[in-house]
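What follows is the residue order along each chain.
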Amino acid sequence: MGSSVAELELAEPYLREVLGTVGLDVEYLRASGNTLFYQDAAGNEVPVLDLACGFGSLILGHHHPEVVARAKELLDSQVPVHAQFSRHSYANDLAAVLNRIIARETGSSEPYWAIFGNSGAESVEISIKHAEMERGARLAELVSEVEAGVAAARAAVGRGATVAPEVFAALGLPATAGFDAVADAVTTRTADLTGRAPVFLALEGGFHGKLVGSIQLTHNEGYRTPFTRLAARCRFVAVGDVAGLRAIVEQESRSLTVLTVDGDAVTGVERALPVFGGFFVEPIQGEAGIRVLPAEFGAEISRVCEETGAPLIMDEIQSGMGRSGAFLASSRIGLRGDYYLLAKSLGGGIAKSSVMLVRGERYQRDFELAHSSTFAKDAFSCHVALKVVELLEADGGAAYRMAAERGAALKSRLEKVRGDFDDVVLDVRGEGLMLGFEFRDQSSSPSAQIAQTAQEGFFGFAVAGYALRTHRLRLFQTASAMNTFRFEPSIFLSDAEIDQIDSGLRDICALLRAADGERLMGT
Ligand code: PMP
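### Considering the pairing of strand 6 (residues 199–203)
Argument step 1. Counting buried positions along strand 6 yields five of five residues, so the element is predominantly enclosed.
Argument step 2. Where strand 6 and strand 7 (residues 233–237) come together, five bridges link them in parallel fashion. Counterpart to Leu-201 in the pairing with strand 7 is Arg-235.
Argument step 3. For strand 6 and strand 10 (residues 276–281), the ladder comprises four bridges, and the chain directions are parallel. Looking at the pairing, Val-199 lines up with Phe-276 of strand 10.

Shown next as structure tokens:
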């Protein structure tokens, strides 16, 4: 007989098993600030310095006292958490404060309308839908124009007008074809092209979530390709490759023929089709290995969006909420989004929420009637988010200055480690409290054990396990750049914590330099 259900581990046992191979499957029982605690076999609480900090969701750390106090107050006062289809003034207050911040950082006075969601990927999905609604409206206008053109041309032909030879050529028809064939070709082509799914644009290495639509915008093939059949296509652009971006735009661009009457002649004009659903951009790519988008390439993306009409969808899910030293990392490179997506730290480490903000002229108000979620825009997460933003904005933005200052302090220490171990450390990158520390590829390490873990893609896990066991550091690599470790602690990172990181990293570097696979793997 097999095990009874009660004995089986049912919640992602395989993942736990994988974590267990390097000792990462500890159960944390308490969390505070930048620290997680587990209990050792003797029942003692063991602190672990958490440098993943919720994978970027804890700009204020675990259980910030004022966020927790606000949450308790909300529950004690019996705030109606679920009261859908009623007035939500707190959601409006949150949208208003986010608008004031956007205006301050971008200089834009246009309002951004807010649609709330529950997670980062959900806000990406919401933006995909909203952008498609926008595109649908533009397509409908174009279809009306085509239909009006056909009707006017038919009437003109009835009065004796003739179809210009270039129209037949453009439609691939012989010059002897009658007007009905021309009208048919125009209508069929319009129906075909306007019925196609949009093409999205995103950056190589980018990460925009793992749901059905959003996973197609996430570059990592392992996550994306098993599901390509499920959703619209995305073309990935290498960061900095202007010619490549222009080539993709040219390859994907399509136009429709609109018939026009010019005296006795029926001619045609080509109208660009809104092919592109949107351009998804992380101003600091997180899972790609913490890479800051160069301002000049950001400007080129903006130009492409302007020219094609595609909305620039700024995914600030990880980079936003102050981590870069500004509320919006994109504002630091002078980039303004048509849409902004926020999540992660918006929930203050205790709520799950996200928001899409859409620039005034692009907003589709019918979207409010077409889209909803049971849990979105709830009182608890909105009030918690208001508290988080209040804390970030307090004292003239002291939190942003802390992110910049603490980030610079940590970065300079990481750079010193790199300087002392540049045979094993390739790069240190990032802004504020979004930093990446990249090891050199270890797949040719003289240690067979280290080389093998690197070849199998487990190098990051092996280092994470060692850092936890030996230095009580919770280190994780980024999702798509396996040699880069993320440093995304809260703004309360202390000098003592920086010292702990420094000594842990130096030990790991020394171990890799010595190719001591046994020590790394704990064997
Ligand atoms: N976009 C970015 C830039 C992210 O970093 C993430 C999460 N790592 C997501 C989207 C998806 O967010 P979630 O995990 O909340 O679905």
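### Concerning the sheet that holds strand 8 (residues 255–262)
Argument step 1. Across the sheet, three strands lie side by side as 5-9-8; this open sheet has mixed pairing. The strands lining the two open edges of the sheet, one partner per strand, are strand 5 (162–163) and strand 8.
Argument step 2. Of the pairings in the sheet, the one linking strand 8 to strand 9 (residues 265–272) comprises eight bridges and is antiparallel in character. Bridge pairing links Thr-257 to Glu-270 in strand 9.
Argument step 3. Against the sheet, helix 5 (residues 120–158) touches strand 5, strand 8 and strand 9, its axis set at about 35 degrees to strand 8.
Argument step 4. Running at roughly 145 degrees to strand 8, helix 7 (residues 179–194) makes contact with strand 5, strand 8 and strand 9 of the sheet.

### Observations concerning a nonpolar patch on the surface
Argument step 1. A surface patch of nonpolar side chains, amounting to about 300 Å² of accessible area, comprises Val-5, Leu-8 and Leu-10.
Argument step 2. Note that Val-5 resides in the segment before helix 1 (13–20).

### Looking at the environment of Lys-344
Argument step 1. Checked against the element boundaries, Lys-344 lands in the loop between strand 14 (339–342) and strand 15 (354–359).
Argument step 2. Given the relative accessible area of 26%, Lys-344 is considered partly exposed.
Argument step 3. Among residues more than four places away in sequence, those in contact with Lys-344 are Phe-55, Gly-56, Ser-57, Ile-317, Gln-318 and Ser-353.
Argument step 4. A distance of 2.7 Å separates the side chain of Lys-344 from the backbone oxygen of Phe-55, its partner in a polar contact.

### Some details on the packing of helix 12 (residues 379–420) against helix 15 (residues 495–513)
Argument step 1. Contact pair helix 12 / helix 15: the axes reach a minimum separation of 10 Å and the direction vectors enclose 20 degrees. Comparing the axis directions of helix 12 and helix 15 gives the class roughly parallel. As for how helix 12 packs across helix 15, the hand of that crossing is right-handed. Taking contact as the criterion, the partners of Arg-406, Ala-409, Leu-410, Arg-413, Leu-414, Lys-416, Val-417 and Asp-420 in helix 12 are, on helix 15, Asp-495, Ile-498, Asp-499, Ile-501, Asp-502, Leu-505, Arg-506, Cys-509 and Arg-513.

### What to know about the site of the ligand
Argument step 1. Every residue close to the ligand is listed here: Ser-119, Gly-120, Ala-121, Phe-207, His-208, Gly-209, Glu-282, Glu-287, Asp-315, Ile-317, Gln-318 and Lys-344.
Argument step 2. Phe-207 places a polar main-chain atom, nitrogen or oxygen, 3.3 Å from a nitrogen atom of the ligand.
Argument step 3. Within the side chain of Lys-344, one N or O atom sits 3.0 Å away from a nitrogen atom of the ligand.
Argument step 4. Alone, the ligand offers 390 Å² of accessible surface; in the complex the protein occludes 80% of this.
Argument step 5. Looking at side-chain class alone, the shell around the ligand contains three nonpolar, five polar and four charged residues.

What counts and what doesn't
- Residues numbered from 1 in each chain as written.
- Predicted model: local features only at pLDDT ≥ 70, side-chain atom pairs only at ≥ 80, totals over all residues.
- Heavy atoms only, no water.
- Buried < 20%, exposed > 50% of the residue type's maximum accessible area, 1.4 Å probe, protein only.
- Helix = DSSP H or I, 4+ residues; strand = E, 2+ residues; numbered from the N terminus.
- Pairing = 2+ DSSP bridges.
- Contact = heavy atoms within 4.5 Å.
- Axes fitted to C-alpha atoms, helices over the stretch in contact; angles between N-to-C directions.
- Patch = residues over 30% accessible without salt bridge, like charges linked within 9 Å, V, L, I, M, F, W, Y side chains within 5 Å.
- Areas by Shrake-Rupley, 256 points an atom, 1.4 Å probe, with all protein chains shown as cover.
- Salt bridge = Lys/Arg side-chain N within 4 Å of Asp/Glu carboxyl O.
- Polar contact = N/O pair within 3.5 Å; in protein donor to acceptor, adjacent residues only side chain to side chain.
- Parallel < 35°, antiparallel > 145°, perpendicular 65-115°, else oblique.
- Left-handed = near helix turned anticlockwise from the far one by under 90°.
- Near = heavy atom within 4 Å.
- Nonpolar A, V, L, I, M, F, W, Y, C, P; charged D, E, K, R; others polar.

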